Amino acid sequence: MQEAIDLIAATASFDVSAASTLVIHNFLALPCIEAAPHIPEQRHVMWGATRGDLCAFALTEPGAGSAPRHIEASAFLHEDRVRISGRKIWIGLADWARWIVCFARASGPDAKGRFVGVLVDRQAPGLNVTHEHRTLGLRGIIQNTLDFQDVEVPSAYVLSRDQDGWGAAASSMNRGRIGVAAMGLGALERAIQVAASYASHRRLGKLRMIENSYIEQLFEQMVLRREVVKAMLGASCRLVSAQGTPNVHLASATKVLSSEWCGLVADQCVQLLGGRGYDEGTPVAKIYRDARILRIFEGPTETLLSHLGRCLLSRATRDEIADLFLSLGAAPVHAAAIEELSGLNETDGAVLIYAGWLTTLGLAQAVMSTGRFSASDCAAAAADLVSSELATLRSRAPARLSFEGRIRASRILNTFLQDAASSIRSPVLTDDYLKLVQYV
Ligand SMILES: Cc1cc2nc3c(=O)[nH]c(=O)nc-3n(C[C@H](O)[C@H](O)[C@H](O)COP(=O)(O)OP(=O)(O)OC[C@H]3O[C@@H](n4cnc5c(N)ncnc54)[C@H](O)[C@@H]3O)c2cc1C
């Protein structure tokens, strides 16, 4: 795992699209195929996959993205065939792929609406690529809309035979989150390198940029963030070695921290390069655009934080989080978070995000404090950075009674929308204008 992570990070430092190909193919799609020895010629499929037969992972639908359990594509299981109907959007690599791992809801006798993964030949009759999405970044690979119109596949290609297929999808996505975190690390490192090279020779009056104390501190902070992300990835890989699969909570926290900090660092590096940062002539503009997707796919930051927050607050899952902190040698950090959160409304969206950040930064603090995952000279300073981020977070803790605040927030937005609707610049907010029509 650590070797794969190093390779993905190195690739991302040149091109995030290429690194994304590695993650989709190797971390998302292939493990689903590898875990299904019953599929016909499985070894041949795997052999081809190591030699360029790309595999895509098709989960997202127009009505189910950050909450993928609500997918509606159907897989009608009948005797020895399965018939798939539905639409998938933003499927990376789809039109270049040899195989598509497609998730759907099973129907038919004995199916009980369970979640199934099916391996589908890209050339199967009825499977059409209907759209290629033009995206803000990640332009080195394609993302497609796929229409499945009664696509028939032998039932031997159903990946998870008797049990619910959600487990296979979730396990791949956890691996995928570690992969995305590695992409964030590589992109962040390259952005710092380029900005440091510029700042070391660019003169601002008598001084070189790098000699300005504000800029010096900015670079220090960016390098410390990189150190924390690297250590979190090291800890995630260590747990994969120890337990065979990624730890879902640590994988989510690592993905959140890496993608958020990659976005922050990319933004700071564009600023440091001035006009050159905005110019496509330097690699930083591309890194800035590419970095943006890292916060959205494989679980948007807010979805993952809410999930982590819910796990921390719920009695049913609290012990899992406690065990994770314990395994990292930081049980008191967990106990402090639980105490701090007692009395807060466990279903409130803002509380869940706050609790998710407490868990994420708490895990980062635990990883840094063990001293096992960062041998660098700057490990202690990186641990201090995490502590100061935690202190800043706590200063913004949600109020116990947030009801009045919510009413005020909703009133402010409604007033704005009324003002804007009567303004001369008011657009016609139809689906067509918003270009949302292709997704519904
Ligand atoms: C370039 C690209 C490549 C992709 N590749 C693939 C692929 O290969 N395979 C695949 O299956 N999918 C892929 N996707 C889809 C991607 O995984 C989804 O876009 C993502 O899961 C978010 O779903 P959504 O866009 O429907 O957002 P929505 O579900 O509409 O969510 C919108 C926003 O709501 C916010 N939000 C969500 N939950 C909460 C919460 N609890 N609290 C507060 N705020 C919240 C988040 O900010 C979120 O971004 C890709 C997308 C893109 C853009």
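- The chain carries the name Acyl-CoA dehydrogenase in an unreviewed UniProt entry, which gives Bradyrhizobium jicamae as its organism.
- According to UniProt, the comment filed for the chain under the heading Sequence similarities (unreviewed entry) is "Belongs to the acyl-CoA dehydrogenase family."
- Quoted verbatim from the Cofactor (unreviewed entry) field of the UniProt record, the comment on the chain reads "FAD".

## Let's talk about the packing of helix α11 (residues 331-341) against helix α12 (residues 349-370)
Point 1. Running from N to C, α11 and α12 cross one another at 165 degrees; their axes reach a closest spacing of 10 Å. In terms of axis orientation, α11 runs roughly antiparallel to α12. Like other packed secondary-structure pairs, α11 and α12 cross with a definite hand, here right-handed. Contact residues: V333, A337, E340 and L341 in α11; Y354, A355, L358, G362 and Q365 in α12.
Point 2. Residue classes in the contact of α11 with α12 are distributed as six nonpolar, two polar and one charged.

## Observations concerning the layout of surface pockets
Point 1. Its boundaries defined by the atoms lining it, the second largest pocket holds a volume of some 280 Å³.
Point 2. Looking at the second largest pocket, the residues that line it are E260, W261, L264, I353, Y354, W357, L361, E389, T392, L393 and R396.
Point 3. Those elements that place two or more of their residues in the lining of the second largest pocket are α6 (248-272), α12 and α13 (379-394).
Point 4. At four residues, α12 tops the list of elements feeding residues into the lining of the second largest pocket.
Point 5. Residues of the lining of the second largest pocket, tallied by class, amount to seven nonpolar, one polar and three charged.

## Things to note about the site of the ligand
Point 1. Neighbouring residues of the ligand: 17 residues in total, closest F57, T60, S66, W90 and E302.
Point 2. Here F57 contributes a backbone N or O atom positioned 2.8 Å from a nitrogen atom of the ligand.
Point 3. At 2.6 Å, a side-chain N or O of T60 approaches a nitrogen atom of the ligand.
Point 4. In the complex, 69% of the free accessible area of the ligand, which totals 980 Å², lies under the protein chains.
Point 5. Mapped onto the shell around the ligand, the elements with two or more residues apiece are β3 (81-92) and α9 (301-313).
Point 6. Considering only residue class, the shell around the ligand consists of nine nonpolar, seven polar and one charged.
Point 7. Two domains each put at least three residues into the shell around the ligand: domain 1 (36-159) and domain 2 (169-394).

## With respect to the side chain of T317
Point 1. Note that T317 resides in helix α10 (residues 315-327).
Point 2. T317 has contacts with R310 and C311, leaving out every residue within four places of it along the chain.

## Observations concerning the pattern of salt bridges
Point 1. In the structure shown here, the tally under the stated rule is 17 salt bridges.
Point 2. Note that E189 is salt-bridged to R226, the shortest N-O span being 2.8 Å. One end of the pair, E189, is in helix α4 (residues 166-201); the other, R226, is in helix α5 (residues 213-243), and 37 residues separate them in sequence.
Point 3. We classify E189 as partly exposed; its relative accessible area is 23%.
Point 4. A residue is classified by how much of its surface remains accessible, and R226, at 23% relative accessible area, is partly exposed.
Point 5. Connected through shared salt-bridge partners, R81, R83, D150 and E152 make up one network.

Conventions we followed
Residues numbered from 1 in each chain as written. Predicted model: local features only at pLDDT ≥ 70, side-chain atom pairs only at ≥ 80, totals over all residues. Heavy atoms only, no water. UniProt positions renumbered as here; feature names shortened; annotations may be inferred. Axes fitted to C-alpha atoms, helices over the stretch in contact; angles between N-to-C directions. Helix = DSSP H or I, 4+ residues; strand = E, 2+ residues; numbered from the N terminus. Parallel < 35°, antiparallel > 145°, perpendicular 65-115°, else oblique. Left-handed = near helix turned anticlockwise from the far one by under 90°. Contact = heavy atoms within 4.5 Å. Nonpolar A, V, L, I, M, F, W, Y, C, P; charged D, E, K, R; others polar. 1 Å grid on protein atoms, 1.4 Å probe; cavity = no way out; pocket = protein on both sides within 12 Å on 5 of 7 lines; lining within 4 Å. Points joined across faces, edges and corners; volume = space filled by probe spheres on them. Near = heavy atom within 4 Å. Polar contact = N/O pair within 3.5 Å; in protein donor to acceptor, adjacent residues only side chain to side chain. Areas by Shrake-Rupley, 256 points an atom, 1.4 Å probe, with all protein chains shown as cover. Domains from an automatic or database assignment. Salt bridge = Lys/Arg side-chain N within 4 Å of Asp/Glu carboxyl O. Buried < 20%, exposed > 50% of the residue type's maximum accessible area, 1.4 Å probe, protein only.

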